[in-house]
Amino acid sequence: MCGVSMVDIRDKGGLEKVFASTRFDAVVHFAGLKAVGESVQKPLLYYDHNVAGTIILLEVMAAHGCKKLVFSSSAAVYGSPKNSPCTEEFPLTPHNPYGRTKLIAEEICRDIYHSDSEWSIILLRYFNPVGAHPSGYLGEDPCGIPNNLMPFVQQVAVGRRPSLTIFGNDYATKDGTGIRDYIHVVDLAEGHIAALRKLFERSIGCQAYNLGTGKGTSVLEIVNAFEKVSGKKIPLVIGPRRPGDAEILFSSAAKAEREFKWKAKYGIEEMCRDQWNWASKNPFGYASPDSTKQNGHSH
Ligand code: UFG
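Remember, predicted model here, so these are calculated numbers, not experimental data.

1. Observations concerning the overall build of the protein chain
Okay, so step 1: The helix and strand tally for the protein chain stands at 10 helices and 11 strands.
Okay, so step 2: Expected size for 299 residues packed as a compact globule is a radius of gyration near 19 Å; at 20 Å, the protein chain falls within 12% of this value.
Okay, so step 3: Judged by the C-alpha coordinates and their principal axes, the protein chain covers about 55 × 45 × 35 Å.
Okay, so step 4: Sorting the 299 residues of the protein chain into buried and exposed places 49% on the buried side.
Okay, so step 5: Counting contacts in the protein chain only where the partners sit at least 6 residues apart, residues at least 24 apart contribute 80% of the total.
Okay, so step 6: Put simply, the protein chain shows about 14700 Å² of open surface, and 56% of that area lies on carbon and sulfur atoms.
Okay, so step 7: Across the protein chain, 34 positive and 32 negative side-chain charges occur, with their mean positions spaced 2 Å apart.

Printed below as a string of structure tokens:
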């Protein structure tokens, strides 16, 4: 059995040691920073972790003859497409440094495949991952004020924040609020296993796949579903639109469904149920309430 070790992907010496210790057949590369707002404030940090880190990982993989990769990309590479469902062929025009780091890493992967056809690479473009492991032991615990909808709703439900601000209710959607493609984290995880299997089936070059449900859900629909499963009222404040937000963005998941023989199983209610199960068991995430009070961070 292998032990668990941790190394920063930017630490080439450390990665070399890991690859020298075991022969890896494939790598699933999740390592990276993911807060859009922070990427605007600290672009170099994002390029360093997400781009430079990926280059170092690919160099070490190549040096050790490990040329199968599943990479965590993002729907952020599409920017704000004019229409949905969004297929993998849509133009790649990210709006922020985070999305650009993902696009650059994708381009690097496409280039290395063109230079050496022994590589087999799957780029997974995640839509909006939410929920938690159904056990209630594993969930997201963002630092500071959450940027994303679901962690924010969760913190309102457990009483850590007074209300949720809806970023605009004047969109041309069914109830005026923004529409996204939320996918349960367990479905997302299973998408990775399916992608990994695909890599071992045959050489597939370097290809991108959306991981989503193919369904659009509004902010208000999320709030309603969360209230229903938790029995908690989520007080709402209607605020202005958030700059850079798309009106409607949901995936076409057809390519992954067809080629991976995978399909997202969970609906919005199950996503909210598991999010609430995690939240109610761990209202302060992985930290104790006292440490949260002291530094305002949840871990
Ligand atoms: N929203 C609110 N209030 C909040 C937070 C979000 O109304 O406090 C709304 C947003 O305006 C949007 C929806 O809820 O309509 C979802 O917003 P998120 O911030 O949860 O997710 P985004 O779709 O903006 O961003 C997500 C990921 C990014 C990724 C992007 C790709 O968080 O990392 O999808 O499309 F880049």
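2. Examining the packing of aromatic side chains
Okay, so step 1: According to the stated counting rule, one finds five aromatic pairs in the structure shown.
Okay, so step 2: On the basis of an interplanar angle of 35° and a centroid distance of 4.3 Å, the ring pair of Tyr209 and Phe260 is categorised as tilted. One end of the pair, Tyr209, is in strand β8 (residues 206-211); the other, Phe260, is in helix α8 (residues 254-260), with 51 residues separating them in the sequence.
Okay, so step 3: According to the relative accessible area criterion, Tyr209 is buried, its value standing at 0%.
Okay, so step 4: For Phe260, a relative accessible area of 7% gives the class buried.
Okay, so step 5: One cation-aromatic arrangement involves Arg161 over Phe152; the distance from NZ or CZ to the ring centre is 5.8 Å.
Okay, so step 6: Over the aromatic face of Tyr209 sits the side chain of Lys255, whose NZ or CZ is 4.3 Å from the ring centroid.

3. Topic: empty space enclosed by the protein
Okay, so step 1: Applying the stated criterion across every chain yields a total of one cavity of 30 Å³ or more.
Okay, so step 2: A volume near 50 Å³ is recorded for the largest cavity.
Okay, so step 3: The element that contributes the greatest number of residues to the lining of the largest cavity is helix α5 (residues 149-157), accounting for three residues.
Okay, so step 4: Residue composition of the lining of the largest cavity, by class: five nonpolar, four polar and three charged.

4. With respect to the site of the ligand
Okay, so step 1: Contacts to the ligand come from 21 residues, most closely from Asn148, Thr165, Arg180, Arg242 and Asp245.
Okay, so step 2: Between the ligand and Arg242 there is a distance of 2.8 Å, counted from an oxygen atom to a side-chain nitrogen or oxygen.
Okay, so step 3: At 2.5 Å from an oxygen atom of the ligand is found a side-chain nitrogen or oxygen belonging to Asp245.
Okay, so step 4: Against a free-state accessible area of 690 Å², the protein chains account for coverage of 89% of the ligand.
Okay, so step 5: Of the residues forming the shell around the ligand, the biggest block, four residues, is contributed by strand β5 (residues 164-167).
Okay, so step 6: Each residue belonging to the shell around the ligand can be placed in one class, and the counts come to 11 nonpolar, six polar and four charged.

5. Things to note about unusual backbone geometry
Okay, so step 1: Omega for the peptide link from Ser84 to Pro85 comes to 5°, which places this bond in the cis form.
Okay, so step 2: For Lys261, which is not glycine, the phi dihedral falls at a positive 55°.
Okay, so step 3: Inspection of the secondary structure assignment puts Lys261 in the loop between α8 and α9 (268-281).
Okay, so step 4: Overall, the relative accessible area of 73% leaves Lys261 in the exposed class.

6. Details of the nonpolar core
Okay, so step 1: Residues Phe19, Leu58, Met61, Leu69 and Ile121 are the most contacted members of the largest nonpolar core, which totals 22 residues.
Okay, so step 2: With six residues, helix α3 (residues 43-63) is the largest single contributor of residues to this core.
Okay, so step 3: Judged by nonpolar contacts, the second largest core, of 21 residues, contains Met150, Leu164, Ile166 and Val219.

7. Brief notes about helix α1 (residues 12-21)
Okay, so step 1: Residues of α1 that are buried: Gly14, Leu15, Val18 and Phe19. Projected down its long axis, α1 carries its buried residues within an arc of 135°, all on one side. The exposed residues of α1 that point more than 90 degrees off its buried face are Lys17, Ala20 and Ser21.
Okay, so step 2: Packing partners of the buried residues in α1 comprise β1 (27-29) and α3.

Cut-off values and rules
- Residues numbered from 1 in each chain as written.
- Predicted model: local features only at pLDDT ≥ 70, side-chain atom pairs only at ≥ 80, totals over all residues.
- Heavy atoms only, no water.
- Helix = DSSP H or I, 4+ residues; strand = E, 2+ residues; numbered from the N terminus.
- Rg over C-alpha atoms; globule rule 2.2 N^0.38 Å.
- Buried < 20%, exposed > 50% of the residue type's maximum accessible area, 1.4 Å probe, protein only.
- Contact = heavy atoms within 4.5 Å.
- Areas by Shrake-Rupley, 256 points an atom, 1.4 Å probe, with all protein chains shown as cover.
- Lys, Arg positive; Asp, Glu negative; His and termini not counted.
- Charge placed at Lys NZ, Arg CZ, Asp CG, Glu CD.
- Phe/Tyr/Trp six-rings, centres within 6.5 Å; stacked < 30°, edge-to-face > 60°.
- Lys NZ or Arg CZ within 6 Å of the ring centre and 35° of its normal.
- 1 Å grid on protein atoms, 1.4 Å probe; cavity = no way out; pocket = protein on both sides within 12 Å on 5 of 7 lines; lining within 4 Å.
- Points joined across faces, edges and corners; volume = space filled by probe spheres on them.
- Nonpolar A, V, L, I, M, F, W, Y, C, P; charged D, E, K, R; others polar.
- Near = heavy atom within 4 Å.
- Polar contact = N/O pair within 3.5 Å; in protein donor to acceptor, adjacent residues only side chain to side chain.
- Core = buried A, V, L, I, M, F, W, Y, C linked by side-chain atoms within 4.5 Å.
- Arc of directions from axis to C-beta.

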